[in-house]
Amino acid sequence: MNAVLQNAVEPFDAPLQVRGLSHRYEGQSVLSQIDLTLQPGSVLGLIGRNGAGKSTLIRAMLGLLQPAEGDCQVFGEPSLGLSDRTKTRLAYVPQQPEALAWLTAQQMLDYVGRFYPQWQATFARDMLRKWDIAPNKLLGKLSPGERQRVDLIRALASQPELLVLDEPAAALDPVARRDLLREIALRAGEAGATVLFSTHIVSDLERAASDIAFLHDGKVLLHCGVDETKERFARLWLPASMSAAAPTQTLGSRRHADGSLSLVIERDAQGRWPQAAGLPGARVDALGLEDLFVEIAG
Ligand SMILES: Nc1ncnc2c1ncn2[C@@H]1O[C@H](COP(=O)(O)OP(=O)(O)OP(=O)(O)O)[C@@H](O)[C@H]1O
């Protein structure tokens, strides 16, 4: 077979893939039957409220937690048994990095760098200076924001093919946040890296993500392109007298004090809104990402 054609039809191993993932803590369901695949080169923003299960999902996807049910893979390997080769292709920054607290920032970076064939020592040094972190200070004595910055530098300097960041902006000031989002976009755009980051800051999604996955009530309620959301979703308002005409399948609905209804509606496969949107007296409003989040999770 022609080599080019063979490449074109060969199935690729998704950087991250989960099927039927469910998890419980102390009998309480946190994630329920989640299916999610990251396309190579995409930047997926995982958004959800506090406690929605974002960290749990990320940890299960990377094999750092054994889920109650489901199958998780990184570059086609079961997450719970990743080979050393696959581990060097990915970098993960947890929400609160704590490891190696007895080393200085520079010692940690030098130590970790030895495990990565493509380690960028100069980038790491430059970023420490740019982000005002004393290379000789013990990690255990850094503020949470400084500690998180060092871990982000560690992750970026390894030039991973898959970069997973759990609320990377949580402890960062606006300048460091902007630097980080720029780095993420650069890594994905120029180096073709795949990125997953969790957040509840909608503007970060708009700046850096190509795709969005919305985690709510233990489920991924929607997963699509960031640019697509404005076209695909809208808010339908129905006066109280028409509330019986409301579509039954919606992503979120709110009844107001006057009995009127606001619902999140979605276009069908043919691009049409539900029938109720065309009724006289109904109103369809565009929804920005922030409004969509509030309407669904509020
Ligand atoms: N080890 C644990 N034992 C018991 N419950 C847990 C444990 N870890 C997390 N939980 C609970 O599971 C739920 C999801 O937690 P998780 O940290 O995954 O959410 P999150 O979306 O990352 O939250 P946040 O945005 O606040 O960081 C929360 O209700 C949390 O209290």
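Criteria and thresholds
Residues numbered from 1 in each chain as written. Predicted model: local features only at pLDDT ≥ 70, side-chain atom pairs only at ≥ 80, totals over all residues. Helix = DSSP H or I, 4+ residues; strand = E, 2+ residues; numbered from the N terminus. Buried ≥ 20, exposed ≤ 12 C-beta atoms within 10 Å, placed from the backbone. Contact = placed C-beta atoms within 7 Å. Pairing = 2+ DSSP bridges. Axes fitted to C-alpha atoms, helices over the stretch in contact; angles between N-to-C directions. Near = placed C-beta within 6 Å. Nonpolar A, V, L, I, M, F, W, Y, C, P; charged D, E, K, R; others polar. Domains from an automatic or database assignment. Parallel < 35°, antiparallel > 145°, perpendicular 65-115°, else oblique. Left-handed = near helix turned anticlockwise from the far one by under 90°. UniProt positions renumbered as here; feature names shortened; annotations may be inferred.

- Under the annotation held in an unreviewed UniProt entry, the protein chain carries the name ABC transporter ATP-binding protein and is attributed to Dyella solisilvae.

What to know about the overall build of the protein chain
Okay, step 1: When its secondary structure is counted, the protein chain shows ten helices and 14 strands.
Okay, step 2: Its C-alpha atoms give the protein chain principal-axis dimensions of about 70 × 55 × 40 Å.
Okay, step 3: The buried share of the protein chain, taken over its 298 residues, is 37%.
Okay, step 4: Within the protein chain, residue pairs in contact and separated by at least 24 positions form 67% of the contacts whose partners lie at least 6 positions apart.

Re the environment of Q28
Okay, step 1: Looking at where Q28 falls in the secondary structure, it is placed in strand β2 (residues 28-38).
Okay, step 2: In the structure, Q28 is positioned 113 residues away from K141 in sequence and 36 Å away in space, judged by C-alpha atoms.

What about the sheet that holds strand β7 (residues 162-166)?
Okay, step 1: Spatial strand order, β6-β7-β8-β3-β9-β10: six strands in an open sheet with mixed pairing. Looking at strand neighbours, the two that pair on one side only are β6 (90-93) and β10 (219-225), the edges of this open sheet. Recorded for the sheet is a direction-independent mean angle of 15° between the axes of neighbouring strands.
Okay, step 2: When strand β9 (residues 211-216) meets β10, the two strands line up antiparallel, connected through six bridges. Among the inter-strand pairings, L215 is bridged to a residue of β10, identified as V220.
Okay, step 3: This element, helix α2 (residues 54-61), spans β3 (43-47), β7, β8 (194-199) and β9 of the sheet and lies at about 150° to β7.

A few points about the site of the ligand
Okay, step 1: The ligand sits among 14 residues. The nearest are Y25, N50, K54, S55 and T56.
Okay, step 2: When residues in the shell around the ligand are grouped by element, the largest group, three residues, is from α2.
Okay, step 3: Its residues assigned to classes, the shell around the ligand comprises three nonpolar, eight polar and three charged.

Quick look at the domain arrangement of the protein chain
Okay, step 1: Assigned domains of the protein chain: these are domain 1 (7-226) and domain 2 (229-297).
Okay, step 2: Relative placement of domain 1 and domain 2: their C-alpha centres are 34 Å apart.
Okay, step 3: For the side of domain 1 that touches domain 2, the elements supplying multiple residues, two or more each, are α8 (202-208), β9 and β10.
Okay, step 4: Classifying every residue of the side of domain 1 that touches domain 2 by side-chain character gives nine nonpolar, one polar and two charged.

Notes on the sheet that holds β2
Okay, step 1: The sheet built from four strands is open, its strands ordered β2-β1-β4-β5 with antiparallel pairing. Bordering the open sheet on either side are β2 and β5 (77-78), each of which pairs with just one other strand.
Okay, step 2: With five bridges joining them, strand β1 (residues 16-25) and strand β4 (residues 69-74) adopt antiparallel strand pairing. What sits directly across from V18, in β4, is C72.
Okay, step 3: Each of β1, β2 and β4 is contacted by α2, which is oriented at about 125° to β1, the strand it contacts most.

Thoughts on the environment of Q159
Okay, step 1: You can see Q159 is positioned in the loop between α6 (144-157) and β7.
Okay, step 2: As a C-alpha pair, Q159 and T194 span 35 residues in sequence and 11 Å in three-dimensional space.
Okay, step 3: Once residues within four sequence positions are removed from consideration, Q159 is found in contact with Q118, Q120 and A191.

Description of the packing of helix α4 (residues 105-113) against α6
Helix-helix packing: each pair is described by the crossing angle between the helix axes and the interaxial distance.
Okay, step 1: Between α4 and α6, whose axes approach to 11 Å, the crossing angle comes to 25°. Taken as axis vectors, α4 and α6 run roughly parallel relative to one another. Judged by the sense of rotation from one axis to the other, the crossing of α4 with α6 is right-handed. Contacts between α4 and α6 involve A105, M108, L109, V112 and G113 from the first element and V150, I153, R154 and A157 from the second.
Okay, step 2: Its residues placed into classes, the contact of α4 with α6 shows seven nonpolar, one polar and one charged.

Here's the deal with unusual backbone geometry
Okay, step 1: Even without being a glycine, F75 presents a positive backbone phi close to 45°.
Okay, step 2: Structurally, the position occupied by F75 is in the loop between β4 and β5.
Okay, step 3: Using a count of 20 C-beta atoms within 10 Å as the deciding quantity, one classes F75 as buried.
Okay, step 4: The residue D132 is not glycine, and still its phi comes out positive at about 55°.
Okay, step 5: Tracing the chain through its elements places D132 in the loop between α5 (121-130) and α6.

Focus on the UniProt feature "domain: ABC transporter" (unreviewed entry) in the protein chain
Okay, step 1: Those places that UniProt annotates as "domain: ABC transporter" (unreviewed entry) correspond, in this numbering, to residues 16-242.
Okay, step 2: Within residues 16-242, the helical portion is 34% and the strand portion 30%, while the C-alpha atoms at the span's ends are 44 Å from each other.

Overview of the pairing of β2
Okay, step 1: Taken together, the seven bridges between β1 and β2 define a ladder with antiparallel strand orientation. Directly across from R24, in β2, lies its bridge partner S29.
Okay, step 2: Counted between consecutive antiparallel strands, the loop separating β1 from β2 contains two residues, among which E26 sits at a positive phi close to 50°.

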